[in-house]
Amino acid sequence: MTTSAILEKLQKLKELAARPGTPAEAAVATAKMQEILFRYNLSMADVDGHVQDSAYIDEDLVVEATRHTQWKLVWQKSLVHAIARHNFCKSVWWSGTYRLSVLGLRHNVDAVLWMHRHVAGEISRLAVEARSLAAVPPGSRTSWTRSFCLGAVREIANRLFEQRERDTAASAQSTALVHVSVEALKKAVAERFGKLNASRPSREASHYDAYRSGCAAAKRISLSRPLGTSGARKEIR
């Protein structure tokens, strides 16, 4: 049973419990709701938000770069792509611009936008710190920083991929839900964007030490969303 089907069933039970009838009927419906909520780790907030959260939307994200700092676009495109895949979304880069679109369910898109803002900021901060410690010559700073950021993105992508694999392997039901989510996303992408052209892979890093330093630094970046915000994810280590 898909998550959508579970939420629809819960909605029907909620309506049944609220209908005029015998106290016994309402009690049975309420008890069944509690059983399903506990079994699938859901809440009534999930049920109430199901209707408005069931449509696919796309939001734009603009990378802060210029003609002279296009290297920032290179690693941030890869970062957005990895985060989007982890959150059952699709990222689309509009060729010739600094604009990307993220398509998915509202709560997933929100998670992508938050995680990109947080992780990109941390990678940039750590790159400046590491470059200062490494005493990189002025003429090599741009290429060194680019290599550091590419290494950091690779590590983040690996962590997200490993987390998805663990979540998917948790149960047969998890595997089925992932398959349904992926197929639904493919359909939504085709309807919104039509046929997409694959972008060329990023050039390899030119400074191996910087790339390796970026990989190590990214292990320290928390990927957990603060509690109390919508769409919070559990921490990925």
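I will try to describe carefully the structure that is included in this document. Note that this is a predicted model, so its numbers are computed, not measured.

### Concerning the packing of aromatic side chains
In step 1: Enumeration over the complete set of coordinates arrives at two aromatic pairs.
In step 2: With 6.1 Å between their ring centres and 65° between their planes, Trp94 and Phe193 make a pair best called edge-to-face. Here the residue Trp94 occupies a position in the loop between strand E2 (90-93) and strand E3 (99-105), and Phe193 occupies one in helix H7 (residues 172-193), the gap between them amounting to 99 residues.
In step 3: The class for Phe193 is buried, based on a relative accessible area of 14%.
In step 4: In this structure, Lys77 packs its charged tip against the face of Trp93, placed 3.6 Å from the ring centre.

### Here's the deal with helix H2 (residues 23-39)
In step 1: When the terminal C-alpha atoms of H2 are compared, their 24 Å separation across 17 residues agrees well with the 24 Å that a helix rising 1.5 Å per residue should span.
In step 2: Residues Ala29, Met33, Ile36 and Leu37 constitute the buried set of H2. On an axial view of H2, the arc spanned by its buried residues comes to 100°, and they lie on one face. In H2, the exposed residues that point more than 90 degrees away from the buried face are Pro23, Ala24, Val28 and Phe38.
In step 3: For H2, the secondary structure elements touched by its buried residues are helix H1 (3-18) and helix H3 (44-48).
In step 4: Of the residues flanking the end of H2, it is Asn41, one or two places downstream, whose phi is positive at about 55°.

### Some thoughts on the sheet that holds strand E1 (residues 56-62)
In step 1: Judged by pairing direction, the sheet is antiparallel, and its three strands sit side by side in the order E1-E3-E2 without closing on themselves. This sheet does not close on itself; its edge strands, each paired only once, are E1 and E2. When the angles between neighbouring strand axes are averaged without regard to direction, this sheet yields 25°.
In step 2: With seven bridges connecting them, E1 and E3 associate as antiparallel partners.

Cut-off values and rules
Residues numbered from 1 in each chain as written. Predicted model: local features only at pLDDT ≥ 70, side-chain atom pairs only at ≥ 80, totals over all residues. Heavy atoms only, no water. Phe/Tyr/Trp six-rings, centres within 6.5 Å; stacked < 30°, edge-to-face > 60°. Helix = DSSP H or I, 4+ residues; strand = E, 2+ residues; numbered from the N terminus. Buried < 20%, exposed > 50% of the residue type's maximum accessible area, 1.4 Å probe, protein only. Lys NZ or Arg CZ within 6 Å of the ring centre and 35° of its normal. Expected span 1.5 Å × (residues − 1). Arc of directions from axis to C-beta. Contact = heavy atoms within 4.5 Å. Pairing = 2+ DSSP bridges. Axes fitted to C-alpha atoms, helices over the stretch in contact; angles between N-to-C directions.

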